[in-house]
Amino acid sequence: MAARTSQLLDTVKEKDRLATSLVEREAERERLIADLEAKNAELERFSYTVSHDLKSPLVTIGTYAGLIEKDARAGDMSRFIDDVARIQRAASRMRRLLDELLNLSRIGRVVNPLEEVALGELAREAADLVRGRLDEARIQIHIAPDLPTVQGDRVRLLEVMLNLIDNAAKFASSERTPRIDIGVDPERPAPSFFVRDNGIGIDPQHQEKIFGLFDKLDLGSDGTGIGLALVRRIVEAHGGRISVESGGAGEGATFHVTLT
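Residues numbered from 1 in each chain as written. Predicted model: local features only at pLDDT ≥ 70, side-chain atom pairs only at ≥ 80, totals over all residues. Heavy atoms only, no water.

Quick word on the sheet that holds strand E7 (residues 253-258)
In spatial order, the strands read E2-E4-E5-E7-E6; together these five strands make up an open sheet with mixed pairing. Strands with a single pairing partner mark the edges of an open sheet, and in this sheet they are strand E2 (140-143) and strand E6 (241-245). With direction set aside, neighbouring strand axes in the sheet form an average angle of 10 degrees. Two elements, E2 and strand E4 (residues 179-183), share four bridges in a ladder whose sense is parallel. What sits directly across from Ile 143, in E4, is Ile 182. Helix-sheet contacts for helix H6 (residues 227-237) involve E6 and E7, and the interaxial angle to E6 is about 135 degrees. (Pairing = 2+ DSSP bridges. Helix = DSSP H or I, 4+ residues; strand = E, 2+ residues; numbered from the N terminus. Axes fitted to C-alpha atoms, helices over the stretch in contact; angles between N-to-C directions. Contact = heavy atoms within 4.5 Å.)

Some points on the packing of helix H3 (residues 119-129) against helix H5 (residues 154-170)
Between two packed helices, both the angle of their axes relative to each other and the distance between the axes serve to describe the pair. For the pair H3 and H5, interaxial distance at closest approach is 9 Å and the crossing angle is 55 degrees. Taken together, the axes of H3 and H5 lie oblique to each other. For the element pair H3 and H5, the recorded crossing hand is right-handed. Here H3 contributes Leu 119, Glu 121, Leu 122, Ala 123, Glu 125, Ala 126, Ala 127 and Leu 129 to the contact with H5, which in turn contributes Arg 154, Leu 157, Leu 158, Met 161, Leu 162 and Ile 165. A class-by-class count of the residues in the contact of H3 with H5 yields 11 nonpolar, no polar and three charged. (Parallel < 35°, antiparallel > 145°, perpendicular 65-115°, else oblique. Left-handed = near helix turned anticlockwise from the far one by under 90°. Nonpolar A, V, L, I, M, F, W, Y, C, P; charged D, E, K, R; others polar.)

Focus: H6
Within H6, the full set of buried residues consists of Gly 227, Leu 228, Ala 229, Leu 230, Val 231, Ile 234 and Val 235. One or two positions beyond H6, positive phi appears at Gly 239, with a value near 75 degrees. (Buried < 20%, exposed > 50% of the residue type's maximum accessible area, 1.4 Å probe, protein only.)

What to know about the nonpolar core
In terms of nonpolar packing, the biggest core is built from 38 residues, with Leu 164, Ile 165, Ile 180, Ile 182, Phe 193 and Phe 255 touching the most fellow members. Elements represented by at least two residues in this core include exactly H3, H5, E4, strand E5 (192-197), H6, E6 and E7. Apart from residues lying up to four places away in sequence, Ile 165 is in contact with Ala 123, Ala 126, Ala 127, Val 130, Ile 141, Ile 180 and Ile 182. (Core = buried A, V, L, I, M, F, W, Y, C linked by side-chain atoms within 4.5 Å.)

This is the structure we're talking about:
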């Protein structure tokens with residue numbers, strides 16, 4: 001009787017284990033389906049926006065190529081030079097778009113060797129790379145001495161830091177002395193860091209949108225709208241996450257990055 005009872009208990013336990021396993025598999029299946037649907041939606045939107053953003057410089061090139069012929073026939077060299085400059089700018093924009101799209105497509109596929117990366121040193125290097133923009137706008141930048149050291153792809157993490165600093169500089173406010181702070185929030189999981197500015201700020205309803213591909217809140221600003229999408233991809237490829245906080249217009253913004 002004892003042996004039979006033990007056998008029945010084992011059978012019940014096995015059924016419970018299988019039931020739990022089936023529930024877990026179903027949950028995993030639902031998660032994968034949701035992830036696939038999100039990826040398909042992103043791909044569809046990606047195709048549309050790539051077509052739109054690449055078509056724009058092509059239209060410009062085509063239009064001004066036609067005008068160049070008229071300028072040459074009319075002997076109007078000032079307009080001729082202006083039209084050539086417009087074509088060159090359009091071609092430069094298309095080249096930059098293609099380069100950044102290629103870079104974005106490689107995230108997760110081309111991996112540099114992982115190494116110990118001192119984020120303080122990385123922040124100083126990134127600041128030096130955009131020193132021209134910082135000096136031109138008289139932006140003060142302060143890098144905390146206690147930034148952590150992480151294990152990661154140094155080349156990619158430099159892109160993260162560079163894009164965040166450049167983004168903060170790009171949207172500096174003209175109403176106050178612009179400042180960028182890079183530091184550690186002790187209330188967030190380690191290793192993590194933040195890039196904070198006192199610039200024009202971001203409306204709360206747009207704070208998730210800024211990480212989308214080609215989503216530019218200020219259509220008149222320079223850049224392709226790929227930078228923050230690239231940052232998010234790199235951070236997620238490191239098993240981390242990125243978020244932004246801002247009180248709205250004129251309140252500055254803080255980008256929080258948590259790595260693993």
